[in-house]
Structure formats: C-alpha cells, structure tokens
Amino acid sequence: MSPDQQAALSAVLEPNWDTECILIYGSAGTGKSTIIHKIVEALNGQAIVAAPFGIAALNVGGTTINRLIGIGPFAIPYDQMAHLVHMLDEDRREVMREAKVVIIDEVSTLRVDLMDALDYSLRINLGAPDVPFGGKKVVLVGDLMQLDPVVAQDGPQLTAWDGHMFFHGKVWQQARLRAIKLTQAHAFEKDPEFAEALQQLRSVETRLAAINWINQRMIVAHNDGGRVVIATTNADANGINEQRLAALPPPPHTYHGETDGDFLAGDMRTSMHLTLKIGARVVVVANDRERPPQFANGTLAEVRHMGDDSVEIEKDDGESIVLHQYQWNRLEPKLNDAGQLVHEPVAWFRQIPLKLAWAFTVQRAQGLRFDAVHVLPGHNGFFASGHAYVAISRCRTISGLSCIYPFNMAHFWWAPSLLRFLEEIEENPIWPA
C-alpha cells in the first residue's frame, strides 16, 4: 500500500478514536476499495460493509444501507424517521453489537436521509439513543467529487435538511469526523501527467490550466467507433448499444439469467435477458475468482462464439477465453456458530458476466477504467454535479480520450455546498471544527 493508504488504515485500526467517524476520501483511482478490503482483513471480518445502492454493495462484498437497517428504497422525511426506522430483530442487533466498525462505501451518493437513518438505527438498536451512531465507529469512504445522491422528484422531499448530501445530516450536530485524504493515483500509472490534470480539475485555482492541458492533448472529434462511449443519458447509451448490435449480422442469441431470493433488477450487474451477436463489443462485469485470473471487471472484448450456455470472447489483448454463468451473491452480515461476524449470501443472480460495451452512462461507468473513451454529452450537456469529471476520469490516459467538443470551465461544476465542505475539511480535517 502507498503511505497515504497505510496512514488511513492505521487511523481506522487505532483503538482510541478522537471522533465518532473517519472519512477516507480521494480522487479517482487512489485505492479506496483497497482500503476497505484491508480494513475488513485486518479486523478479521468484524466489520459491516454497506453502500447506498446495490451494485456498489456488490463491488465491495457488502449490503445496502436500506437492507442493513431494514427500510424501503424511498426517501425518508425527517419527521417520519422514528416511524420508518424500526427496531431490528435480535439476530441483527447482535450483528451490530459485534461489529467493530460500520463501513459505508460510495459516500458521495449517500443521501442525507440515509445518513440520519443509519445514525438513528444504530442508536435505537444498540441501546444508546443519546450517542451518535449508538457508540459504533463509522468509516465513510469515497470520492466526494464524483456523482452525488439521486433524489426522486416524485417521492418524499428532503425539506427538513439544508441539502441532500451526507454532510447535511443532523447527526453532525453531535458527531464529528476525521477526514483523511488519499492522494496517490494508482489507476493512472500509465499517464501520471493525466492523473495530475485530473487532480487539478478539483481546485478552482488550477482548473482552467488543467482544462487547457486536456483540450490540447485529447482528440476533439466524433467517435471513430473504436472507443467506449460515455454518455450522460440512458437514452443515448442504450440507443448506441442497440443500434450497433442491430447492425451486426444475425443470428442473435439471448442468455437467460437466474435468481434466487430477493435480488432486485436494479442490483444486477447485467441484464436478466442478455442478447449478443458474433462481433458484439462487450465488457466483463465480474472479477475472475480463479488464480491466475483470466478476466477482471472492466475487461473489454468482442464476442467470437456463442454456445448454449457459454460465450467465447477475444479480449483486447488478443487472448481468447470462454465465459460461463457467473454468480453474484447478495450478502448480509450475520454471526456464525462461532460468534464471528460474516457476510453470508442470502440471494444470488446468475448470468454470463457480460454487457454490451459500445456505450455506458456516466453512472454505470463509475468504478470502471478504459484505454479509449469518447465522452458524449447529451442535449442538456453535463447536467449533474461531477458529471464531466467522472466521465473523463474513466479513461486511463489522455491519449485515449476524445470528446465532440473542447471542455470549458462551465462543464466542470460541483454543488456549492460540496465545495464548501471540501474546503472546510482541507483546512481542518476534524469536522465540524
């Protein structure tokens, strides 16, 4: 591990915290997921791992916050918190008591109501209603300048808070966090200058220079067909994939997935019904559990042969491999017979671990890296906080990046409240000061 990763791990493992929470944050590719796995390993599994949404939970071998505390997927008005966040059964309360820490990944997408619901649930289930998080240590992990939480316009509104991000939570009227920043970008080792430019985009003082540097080196043109398209809307991404698949000669073959237990469609890494053709551009959406591994999450390839229950792909490095059904397990923290906290499967989804890969939305590409990326803003441009930054940081090198037009300062924008929060924790890592 890098020195900053080691420092973060040591802070979490220190028995005497000086705050109720530790926030581990950093830009794209700084090894945040590695930190989570190292914490779990160092604590011999005595850590609950969760995330705000299902795919992120699968990525780190955890559960969703909603399932952890037993609430539905909808926003929770603050005045209904006591009615909607219930006392859990004894087995689940025992799990909470035994855990040394609760780790929340992808904290940039953590809605404010979920932040306070987690706090409230820990208080009532651990029997410490006046203590933040019920006295449990909490670790928040993520890149705060990536995509922010989604708030459904047709659901309950979060009017009781000053904003919709996790740091707007009322828990911070009592609790404090220690912010630890990761700075070494491991995912951009092929192009350290690009890594530095991405870092400079995050500061208003250096942003214009970084944009100019990127514009001078990336390709400004329409997609030449050989790059992964990162689109800002589902309509654009789905439309590209459907058009490119339809243009290939028949026959298509559809692979039908299987599920057992409560595995929601939104949590699935790929489609329940996956239609492919010979020549289709695909991405592997799982990590090989064998050693040495033949594929990893994000491996790009083309379909070469389709069997009844298998697909042969040729990876971009020229190697051909055969993929069969892969099983993703939805995990829940439980105590085993020895009283140890483990994350056990309670539901599963099986499917060929492939997705069409001519195009992705920014949201679906988060967590993936590609050698060649074409950024495609929709009619509304980059309409979400962090949109443009996440899109271009999916590319490993500046030479692999293209866009239909040059970038400007207006494209790289973040919510003012987020920028104020970042400025505060940069100046004083103990927050609120």
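On to the overall build of the chain, then. Looking only at helices and strands, one finds 13 helices and 22 strands in the chain. Its C-alpha atoms give the chain a radius of gyration of 22 Å, within 12% of the compact-globule value 22 Å for 433 residues. Seen through its C-alpha atoms, the chain measures out along the principal axes to roughly 65 × 50 × 45 Å. A total of 433 residues make up the chain; the buried ones form 55% of that total. In the chain, once contacts between residues fewer than 6 apart in sequence are set aside, the share between residues at least 24 apart is 74%. Summing over all exposed atoms, the chain offers an accessible surface of approximately 18900 Å²; the carbon and sulfur share of this is 50%. Charge separation in the chain, taken as the distance between the mean sites of 37 positive and 51 negative side-chain charges, equals 1 Å.

As a further point, take unusual backbone geometry. Geometrically, the link from Arg-291 to Pro-292 is a cis peptide bond, its omega value of 0° lying close to zero. Of note, Pro-292 is situated in the loop between strand E12 (281-284) and strand E13 (300-306). Here Trp-431 and Pro-432 are connected by a cis peptide whose omega angle stands at -10°. Structurally, the position occupied by Pro-432 is in the segment after strand E22 (430-431). At Phe-133, a position not held by glycine, the phi torsion is positive, near 55°. The residue Phe-133 is located in the loop between helix H7 (112-125) and strand E5 (137-142) in this model. Accessibility expressed as a relative area gives 0% for Phe-133, which makes it buried.

Another point: the sheet that holds strand E14 (residues 311-315). Across the sheet, five strands lie side by side as E15-E14-E13-E12-E18; this open sheet has antiparallel pairing. Only two strands of the sheet have a single partner each, and these edge strands are strand E15 (320-323) and strand E18 (354-356). Here the strands of the sheet are splayed against their neighbours by 45° on average, with no regard to which way each runs. Pairing of E13 with E14 involves five bridges; the strand directions are antiparallel.

Turning to its location among the elements, His-387 is positioned in helix H12 (residues 387-392). Taking the relative accessible area as the measure of exposure, His-387 reaches 0% and is therefore buried. Those residues within four positions of His-387 in sequence are excluded, and the remaining contacts are Leu-147, Thr-232, Val-362, Gln-363 and Phe-382.

Bringing the sheet that holds strand E20 (residues 373-376) into the picture now. Sheets are built from strands paired through backbone hydrogen bonds, the pairs being either parallel or antiparallel. The sheet built from five strands is open, its strands ordered E7-E21-E20-E8-E19 with parallel pairing. Across the chains shown, the open sheet's two edge strands, defined by having one partner strand only, are strand E7 (219-220) and strand E19 (359-361). Where strand E8 (residues 228-231) meets E20, four bridges bridge the pair, whose relative direction is parallel. Paired with Ile-230 across the bridge in E20 is Val-375.

Glancing now at a nonpolar patch on the surface. Taken together, the side chains of Val-204, Leu-208 and Met-409 define a hydrophobic patch exposed on the protein surface, amounting to about 260 Å² of accessible area. Judged by its relative accessible area of 35%, Met-409 falls in the partly exposed class.

So, on to the environment of Asp-119. Along the chain, Asp-119 turns up in helix H7. Along the sequence, Asp-119 and Ser-33 sit 86 residues apart, while their C-alpha atoms lie 23 Å from each other. Residues in contact with Asp-119, not counting those within four places in the same chain, are Pro-132, Phe-133 and Val-171. Within the structure, the side chain of Asp-119 is placed 2.9 Å from the side chain of Arg-123, a separation counted as a polar contact.

Further remarks concern the packing of aromatic side chains. Centre distance and the angle of the planes are the two values used to describe a pair of aromatic rings. Scanning the model with the defined rule gives 14 aromatic pairs in all. When the ring of Phe-263 is compared with that of Phe-349, the centres are 5.8 Å apart and the planes differ by 45°; the resulting orientation is tilted. One end of the pair, Phe-263, is in the loop between strand E10 (258-260) and strand E11 (273-276); the other, Phe-349, is in strand E17 (residues 341-351), and 86 residues separate them in sequence. No difference in accessibility class separates Phe-263 from Phe-349, as the two residues are buried. An aromatic cluster is built from Phe-133, Phe-166, Phe-167, Trp-172, Phe-421 and Trp-431, whose rings are joined through pairwise contacts. Positioned above the aromatic ring of Trp-348, the side-chain terminus of Arg-350 is 3.6 Å from the ring centre.

About the thresholds
- Residues numbered from 1 in each chain as written.
- Predicted model: local features only at pLDDT ≥ 70, side-chain atom pairs only at ≥ 80, totals over all residues.
- Heavy atoms only, no water.
- Helix = DSSP H or I, 4+ residues; strand = E, 2+ residues; numbered from the N terminus.
- Rg over C-alpha atoms; globule rule 2.2 N^0.38 Å.
- Buried < 20%, exposed > 50% of the residue type's maximum accessible area, 1.4 Å probe, protein only.
- Contact = heavy atoms within 4.5 Å.
- Areas by Shrake-Rupley, 256 points an atom, 1.4 Å probe, with all protein chains shown as cover.
- Lys, Arg positive; Asp, Glu negative; His and termini not counted.
- Charge placed at Lys NZ, Arg CZ, Asp CG, Glu CD.
- Pairing = 2+ DSSP bridges.
- Axes fitted to C-alpha atoms, helices over the stretch in contact; angles between N-to-C directions.
- Patch = residues over 30% accessible without salt bridge, like charges linked within 9 Å, V, L, I, M, F, W, Y side chains within 5 Å.
- Salt bridge = Lys/Arg side-chain N within 4 Å of Asp/Glu carboxyl O.
- Polar contact = N/O pair within 3.5 Å; in protein donor to acceptor, adjacent residues only side chain to side chain.
- Phe/Tyr/Trp six-rings, centres within 6.5 Å; stacked < 30°, edge-to-face > 60°.
- Lys NZ or Arg CZ within 6 Å of the ring centre and 35° of its normal.

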